Amino acid sequence: MKSFTKKSMLTQSFVAVAVGAALMGSPVAQAREMKAQFQELSQAFRDIAKQVGPAVVYISTEQTVKGTSGGANSPEQFREFFGDDFMRRFFGEIPQEREYKQSGLGSGFITSPDGYILTNNHVVANADKIKVTLQDKREFTAEVVEKKKKTDVAVIKIDAEKLPVAPFGDSDALEVGDWVVAIGTPFGLSRTVTAGLVMTSRAVWPAIRDSSPARSSAGRRSWSESRACMPPRVS
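This structure is a prediction, so every number in the text was calculated from the model and none was measured.

(A) Expanded view of the overall build of the protein chain. Counting secondary structure elements, the protein chain contains four helices and 10 strands. The order of α-helices and β-strands along the protein chain, N terminus first, is α-β-α-α-β-β-α-β-β-β-β-β-β-β. For the protein chain, with 235 residues in total, the buried portion stands at 25%. When contacts within the protein chain are restricted to residue pairs at least 6 apart in sequence, long-range pairs at least 24 apart make up 66% of them.

Dropping the structure here:
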């Protein structure tokens, strides 16, 4: 009986040590697995940046804007009512309207080898001149092909051939929680990359009055929303 008790205690101790070692080893194995997964994810981001990066372009625009300069800015309606002499007496020299140049910056990506580029409408809206700089530092003058203010999308074209292209994905395959990557050229930097998640998928906007074929029969438009931290001028 005494011998059996010692044997049982020895067996129990061995089992306890084995279980403890397994428990101690499990977090280490999990940590290694998580590290491998993070490394795999990082490599995926690097591969995307290398593949898509050359198709990302830097866009600069110039627009002629009319404004006033000179003395105090007086409301035009008062000037018309009281006359120039009255306004000069109480407000000094009347501001004179002039034209000045306003610049803008943004990013876009090449969608076809012959120079079609997708960007945001607010980047090129009302621009008199549009200049596109490629990753290899070549510069081109661009023309607007089409733009949509409601969806903030515009297509511009440069005269070039055999350009790198960013392929389109399948928006119908998007799921909430999917990774998204934003690549841009803010302030003319060579390239920036950031990542985020799809927040909502296949939501709808209220009715939009246009003739776009993307509009559903109910007059609503499908869209997906993502969140990725982006530096200024990436869009």
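Past the structure itself, the notes keep going.
(B) Just unusual backbone geometry, in detail. With a phi angle near 65°, N126 is a residue other than glycine that sits in the positive phi range. In this structure, N126 sits in the loop between α4 (121–124) and β4 (129–133). For N126, a relative accessible area of 54% gives the class exposed. Backbone geometry places K137, a non-glycine residue, at a positive phi of 80°.

(C) Spotlight on the packing of aromatic side chains. Throughout the structure, instances matching the rule amount to two aromatic pairs. Looking at K157, its charged tip hangs above the ring of Y116, at a distance of 5.3 Å from the centre.

Definitions and limits used
Residues numbered from 1 in each chain as written. Predicted model: local features only at pLDDT ≥ 70, side-chain atom pairs only at ≥ 80, totals over all residues. Heavy atoms only, no water. Helix = DSSP H or I, 4+ residues; strand = E, 2+ residues; numbered from the N terminus. Buried < 20%, exposed > 50% of the residue type's maximum accessible area, 1.4 Å probe, protein only. Contact = heavy atoms within 4.5 Å. Phe/Tyr/Trp six-rings, centres within 6.5 Å; stacked < 30°, edge-to-face > 60°. Lys NZ or Arg CZ within 6 Å of the ring centre and 35° of its normal.

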